[in-house]
Amino acid sequence: MQNTLRITEVFYSLQGETRTSGLPTVFVRLTGCPLRCQYCDSAYAFSGGTQRTLDSLLEQVAGYRPRYVCVTGGEPLAQPNVIPLLERLCDSGYSVSLETSGALDISAVDTRVSRVVDLKTPGSNEAHRNRYENIALLTAHDQVKFVICSREDYDWAVSKLIEYRLEQRAGEVLFSPSHQDVSARDLADWVVADNLPVRMQLQLHKILWNDEPGR
Ligand SMILES: C[S@@+](CC[C@H](N)C(=O)[O-])C[C@H]1O[C@@H](n2cnc3c(N)ncnc32)[C@H](O)[C@@H]1O
Ligand SMILES: Nc1nc2[nH]cc(C(=O)O)c2c(=O)[nH]1
Ligand code: SF4
Ligand SMILES: [Mg+2]
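Residues numbered from 1 in each chain as written. Chains lettered and ligands numbered in written order. Predicted model: local features only at pLDDT ≥ 70, side-chain atom pairs only at ≥ 80, totals over all residues. Heavy atoms only, no water.

**Section: the overall build of the protein chain**
- Helix and strand counts for the protein chain come out as 6 helices and 9 strands.
- Counting only C-alpha atoms, the protein chain reaches 50 × 35 × 30 Å along its principal axes.
- On the protein chain, roughly 10000 Å² of surface is accessible, and the fraction owed to carbon and sulfur atoms is 48%.
- The distance from the centre of the 22 positive side-chain charges to the centre of the 27 negative ones in the protein chain is 4 Å. (Helix = DSSP H or I, 4+ residues; strand = E, 2+ residues; numbered from the N terminus. Areas by Shrake-Rupley, 256 points an atom, 1.4 Å probe, with all protein chains shown as cover. Lys, Arg positive; Asp, Glu negative; His and termini not counted. Charge placed at Lys NZ, Arg CZ, Asp CG, Glu CD.)

Spelled out as structure tokens, the structure:
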């Protein structure tokens, strides 16, 4: 179908993650994902959803008069029409971010978009899907995220940080605890002990709203 996307939800909340954490943001959640991370908090977006035209989505987003728009999922890059959606959101003057698993090619994404590329850790059970070619495409406008499930995942993330000099390629390197798998306090202690050039982040929306849908 031309110029449509399968959408799970559009909602307005506080950005709970990344560099813009705490800023009022409109979220567009695309349906469907080829991965199955064991910790996924958005499994309700794997199926269902509604086929929407880009025009109707842009009109709904505009109704919130946002400064920030976050396109997430599911895996947004699994639907080719996300590329023109991102372009049109940027043309509308919003500050746009894209959350992606990093399993698919990010090269067609508008460079005005801040791409938040999650490098999947072994604890996700999907690390074999990482597309390492994406790393060379990152700029200071982009962000890399590790969702960490254990001390082993932490050590793995540190090894990738060093191997790819990620703090020199991306504007932010984010270390986030997998909500149910590792203590945030332990992760904080490890980052401080190693004096890493990364930003530890918690999912603000889970602290505030306990993972209610649409927040
Ligand atoms: C739901 S995913 C959607 C975008 C894309 N599929 C991805 O994985 O980046 C958005 C972000 O939430 C993170 N996430 C999902 N479940 C989580 C959990 N239980 N704890 C912490 N972060 C989680 C993902 O790792 C990803 O960085
Ligand atoms: N408030 C809020 N912030 C978010 N940042 C990224 C989210 C996501 O599910 O990708 C998310 C989400 O679901 N809610
Ligand atoms: S890639 Fe993202 S949406 Fe897909 S299963 Fe993993 S965390 Fe969930
Ligand atoms: Mg979420």
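Text resumes after the structure shown.
**Regarding the site of ligand 2**
- Close to ligand 2 lie F11, S13, L14, Q15, G16, E17, F27, R29, T72, E99, H205 and R215.
- Between ligand 2 and L14, the relevant distance is 2.8 Å, taken from a nitrogen atom to a main-chain nitrogen or oxygen of the residue.
- Between ligand 2 and R29 there is a distance of 2.9 Å, counted from an oxygen atom to a side-chain nitrogen or oxygen.
- Looking at the shell around ligand 2, the elements that each hand over two or more residues are β1 (4–14) and β2 (24–30).
- Residue contributions to the shell around ligand 2 peak at 3 residues, all from β1.
- For the shell around ligand 2, a count of residues per class yields 3 nonpolar, 5 polar and 4 charged. (Near = heavy atom within 4 Å. Polar contact = N/O pair within 3.5 Å; in protein donor to acceptor, adjacent residues only side chain to side chain. Nonpolar A, V, L, I, M, F, W, Y, C, P; charged D, E, K, R; others polar.)

**Here's the deal with the packing of aromatic side chains**
- Evaluated as defined, the whole model comprises 7 aromatic pairs.
- Taking 5.7 Å as the distance between ring centres and 10° as the angle between the ring planes, the aromatic pair formed by Y132 and Y164 counts as stacked. Taken together, the residues Y132 in the loop between β6 (114–118) and β7 (143–148) and Y164 in the loop between α3 (151–163) and α4 (166–169) connect sequence positions 32 residues apart.
- Measuring from ring centre to ring centre gives 5.3 Å for Y154 and W190, while their planes differ by 50°; the resulting arrangement is tilted. Placement of Y154 in helix α3 and of W190 in helix α5 (residues 184–194) is noted, with a sequence separation of 36 residues between them.
- The class of Y154 is buried, set by a relative accessible area of 0%.
- Taken together, the aromatic side chains of F146, Y154, W156, F175 and W190 make up a single cluster linked through ring pairs.
- Taking the ring centre of F46 as reference, the NZ or CZ of R36 above it sits at 3.8 Å.
- The ring of W190 has R151 sitting right over it, with the charged end atom 5.1 Å from the ring centre. (Phe/Tyr/Trp six-rings, centres within 6.5 Å; stacked < 30°, edge-to-face > 60°. Buried < 20%, exposed > 50% of the residue type's maximum accessible area, 1.4 Å probe, protein only. Lys NZ or Arg CZ within 6 Å of the ring centre and 35° of its normal.)

**Some details on the UniProt feature "binding site: [4Fe-4S] cluster" (unreviewed entry) in the protein chain**
- The residues that UniProt annotates with the feature "binding site: [4Fe-4S] cluster" (unreviewed entry) are C33, C37 and C40.
- Tracing the sequence through the fold places C37 in the loop between β2 and β3 (50–53).
- Look past the residues within four positions of C37 in its chain and what remains in contact with it is K120, S124 and E126.
- If you trace the backbone, C40 turns up in the loop between β2 and β3. (UniProt positions renumbered as here; feature names shortened; annotations may be inferred. Contact = heavy atoms within 4.5 Å.)

**Brief notes about the site of ligand 1**
- Surrounding ligand 1, one finds 21 residues, the nearest of these being G74, D118, K120, K145 and Q180.
- Note that a nitrogen atom of ligand 1 is positioned 3.1 Å from one of the backbone N or O atoms of D41.
- Residue D118 places a side-chain N or O atom 2.5 Å away from an oxygen atom belonging to ligand 1.
- Looking at the shell around ligand 1, the elements that each hand over two or more residues are β5 (95–100) and β7.
- A per-class count over the shell around ligand 1 returns 4 nonpolar, 10 polar and 7 charged.

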